[in-house]
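Read off the chains here:
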Amino acid sequence: MRSRNPVFSRRGFSGGHAGFDAGPQAGTAQAQGNPYAANPYAGNPYGQPANPYAANPYAQGGPDLQQGYPPQAPARAADRMTIDDVVARTSITLGLVVLAAGAAWALRLPVGVGFAAGLVAMVLGFVQSFRRTVSPALILGYALFEGLFLGVISQAYNEVAKGAPMQAVLGTMAVFAGVLIAYRAKIIRVNARFMRFVIGAAIGFVLLSLVNVLVAVFVGGDGLGLRTGGLGIVFGVIGVVIGAAFLALDFKQVEDGVRYGAPREESWLAAFGLTMTLVWIYTEILRLIAILNND
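Every value quoted in this text rests on a predicted model; they were computed, and no experiment measured them. (Residues numbered from 1 in each chain as written. Predicted model: local features only at pLDDT ≥ 70, side-chain atom pairs only at ≥ 80, totals over all residues. Heavy atoms only, no water.)

K.L.:
When you look at the overall build of the protein chain in this model, what are you seeing that I'm missing?
P.N.:
Each helix and strand counted, the protein chain has nine helices and zero strands in total. Here the contacts in the protein chain between residues at least 6 apart in sequence split such that 80% fall between residues at least 24 apart. Carbon and sulfur atoms provide 68% of the accessible area of the protein chain, an area that totals close to 14,600 Å². (Helix = DSSP H or I, 4+ residues; strand = E, 2+ residues; numbered from the N terminus. Contact = heavy atoms within 4.5 Å. Areas by Shrake-Rupley, 256 points an atom, 1.4 Å probe, with all protein chains shown as cover.)

Next up, the structure:
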């Protein structure tokens with residue numbers, strides 16, 4: 001079942017959510033002749049039919065039929081999403097972000113233009129999140145405007161803390177590598193409970209950030225102090241940890257999409273989710289470095 005929440009929508013592919021702790025369903029291409037087609041976790045409460053994560057969201061006659069959506073024809077092997085597809089689309093999307101950021105930096109675009117670009121990127125991101133179908137044009141448009149925004153704010157932070165953008169890039173790469181290694185080693189185990197906790201933490205983090213901005217605008221000063229001093233450092237570290245947790249969710253979605261034979265175009269959604277998460281981590285590390293330099 002597809003969520004109407006944009007946060008859930010971008011994490012789940014357009015056919016529905018990935019199946020936590022569930023093996024491929026019998027009758028699917030993966031299950032035929034597969035000795036693992038039977039669910040070995042039958043005793044797991046997450047494996048019961050009542051759990052929306054237990055069903056293969058890409059199988060014909062799956063949960064979407066219960067909502068009145070037309071059935072989808074089974075994808076041929078050549079039309080299914082692969083890791084290579086995800087890597088290629090993510091490289092394109094992130095590459096566009098980097099190119100746009102570099103152009104904004106070189107042209108020294110005004111801060112107002114940068115924030116306008118950030119607003120456009122946010123709107124495009126929400127539009128794609130609410131769509132039932134994948135739109136590469138929307139995703140690439142998001143990457144373009146997000147890159148312009150990042151280029152402008154990176155230049156501004158570089159004037160306050162020399163070298164901060166490069167340090168933030170290296171920090172983001174380190175977080176990505178660390179989470180990927182921990183996920184592959186099964187140190188991080190993603191399930192429905194993990195997802196609910198991460199989503200709840202992210203909502204609370206965003207709401208606190210908005211309150212902090214509103215207090216700063218209407219009262220003045222540093223608002224609640226969430227972006228300065230010791231409290232700002234703690235808040236920044238929490239932001240990075242939340243971003244790292246979202247990376248684990250992204251890896252799980254990619255893994256399940258490949259396992260269940262999601263359509264190839266869904267790799268654009270995987271690239272979209274990974275790009276948004278990496279942007280989150282980069283901006284949080286950038287703010288954190290600026291705070292540490294000021295202190």
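K.L.:
I would appreciate a short explanation of the nonpolar core in the present structure.
P.N.:
One recurring pattern in soluble globular proteins is that nonpolar side chains are buried together. Core analysis: the biggest nonpolar cluster contains 50 residues, and Leu 150, Val 175, Val 179, Phe 246, Leu 247 and Ile 285 have the highest contact counts within it. Ranked by residues supplied to this core, first place goes to helix α9 (residues 267–294) with 12 residues. Discounting residues that sit within four places of it in the chain, Leu 247 has contacts with Val 175, Phe 176, Val 179, Leu 274, Thr 277, Leu 278 and Ile 281. (Core = buried A, V, L, I, M, F, W, Y, C linked by side-chain atoms within 4.5 Å. Buried < 20%, exposed > 50% of the residue type's maximum accessible area, 1.4 Å probe, protein only.)

K.L.:
What's the story with helix α6 (residues 164–184) in this structure? I'm lost.
P.N.:
Owing to its 3.6 residues per turn, the α-helix aligns residues three or four sequence positions apart on the same side. Along its 21 residues, α6 runs 30 Å from first to last C-alpha, staying within 8% of the 30 Å computed at 1.5 Å per residue. Buried residues along α6 sit in contact with α3 (83–107), α5 (136–160), α8 (229–259) and α9. Directly after α6, the chain includes Lys 186, whose backbone phi takes a positive value near 65 degrees. (Expected span 1.5 Å × (residues − 1).)

K.L.:
Help me out: how do you make sense of the packing of aromatic side chains in this one?
P.N.:
One pair of aromatic rings is described through two measures. These are the centre distance and the angle between the planes. The full count for this structure, using the stated rule, is eight aromatic pairs. On the basis of an interplanar angle of 10 degrees and a centroid distance of 4.3 Å, the ring pair of Phe 205 and Phe 235 is categorised as stacked. One end of the pair, Phe 205, is in helix α7 (residues 192–218); the other, Phe 235, is in helix α8, and 30 residues separate them in sequence. For the pair Phe 205 and Phe 235, a shared accessibility class is recorded, and that class is buried. With centroids separated by 6.3 Å and ring planes inclined at 55 degrees, the aromatic side chains of Phe 246 and Trp 280 adopt a geometry described as tilted. (Phe/Tyr/Trp six-rings, centres within 6.5 Å; stacked < 30°, edge-to-face > 60°.)

K.L.:
Looking at this model, I keep getting lost on the environment of Pro 263. Mind explaining?
P.N.:
With respect to the helices and strands, the residue Pro 263 is situated in the loop between α8 and α9. Look at Pro 263 and you get buried, because its relative accessible area is 18%. Between the C-alpha atoms of Pro 263 and Met 81, which are 182 residues apart in sequence, the distance is 5.4 Å.

K.L.:
What exactly am I supposed to notice about the pattern of salt bridges here?
P.N.:
Note on pairing: side chains with opposite charge can pair once their charged atoms come close. In total, this model carries eight salt bridges according to the counting rule given. Put simply, Arg 108 and Glu 159 hold a salt bridge, and the shortest N to O gap is 3.4 Å. Placement of Arg 108 in the loop between α3 and α4 (111–130) and of Glu 159 in helix α5 is noted, with a sequence separation of 51 residues between them. Residue class for Arg 108 comes out exposed when judged on its relative accessible area of 54%. Glu 159 sits in the exposed class, given a relative accessible area of 59%. Note that Glu 284 and Arg 287 form a salt bridge whose closest N and O atoms lie 2.9 Å from each other. (Salt bridge = Lys/Arg side-chain N within 4 Å of Asp/Glu carboxyl O.)

K.L.:
Help me out: how do you make sense of a nonpolar patch on the surface in this one?
P.N.:
There is a patch of nonpolar side chains on the surface, built from Leu 119, Met 122, Val 123, Phe 126, Val 127 and Phe 130 and spanning about 550 Å² of accessible area. In this fold, Val 123 is placed in helix α4. (Patch = residues over 30% accessible without salt bridge, like charges linked within 9 Å, V, L, I, M, F, W, Y side chains within 5 Å.)

K.L.:
Looking at this structure, how should I read the packing of α3 against α5?
P.N.:
Two quantities define a packed helix pair, namely the angle between the helix axes and the distance between the axes. Axis separation between α3 and α5 bottoms out at 7 Å; the angle between their running directions is 40 degrees. Classified by the angle their axes make, α3 and α5 are oblique. Helix-helix and strand crossings are classified by hand; for α3 and α5 the assignment is right-handed. Residues Ile 92, Thr 93, Leu 96, Val 97, Ala 100, Ala 101, Ala 104 and Trp 105 of α3 form the contact with α5, whose participating residues are Ile 139, Leu 140, Ala 143, Leu 144, Gly 147, Leu 148, Leu 150, Gly 151, Val 152, Ser 154, Gln 155 and Asn 158. A breakdown of the residues in the contact of α3 with α5 according to their chemical character gives 14 nonpolar, six polar and no charged. (Axes fitted to C-alpha atoms, helices over the stretch in contact; angles between N-to-C directions. Parallel < 35°, antiparallel > 145°, perpendicular 65-115°, else oblique. Left-handed = near helix turned anticlockwise from the far one by under 90°. Nonpolar A, V, L, I, M, F, W, Y, C, P; charged D, E, K, R; others polar.)

K.L.:
Looking at this structure, I do not really get the packing of α8 against α9. What am I missing?
P.N.:
The contact between α8 and α9 brings their axes to 9 Å, and the two run at 165 degrees. Overall, the two elements α8 and α9 adopt an arrangement that is roughly antiparallel. Crossing of α8 against α9: the hand is left-handed.

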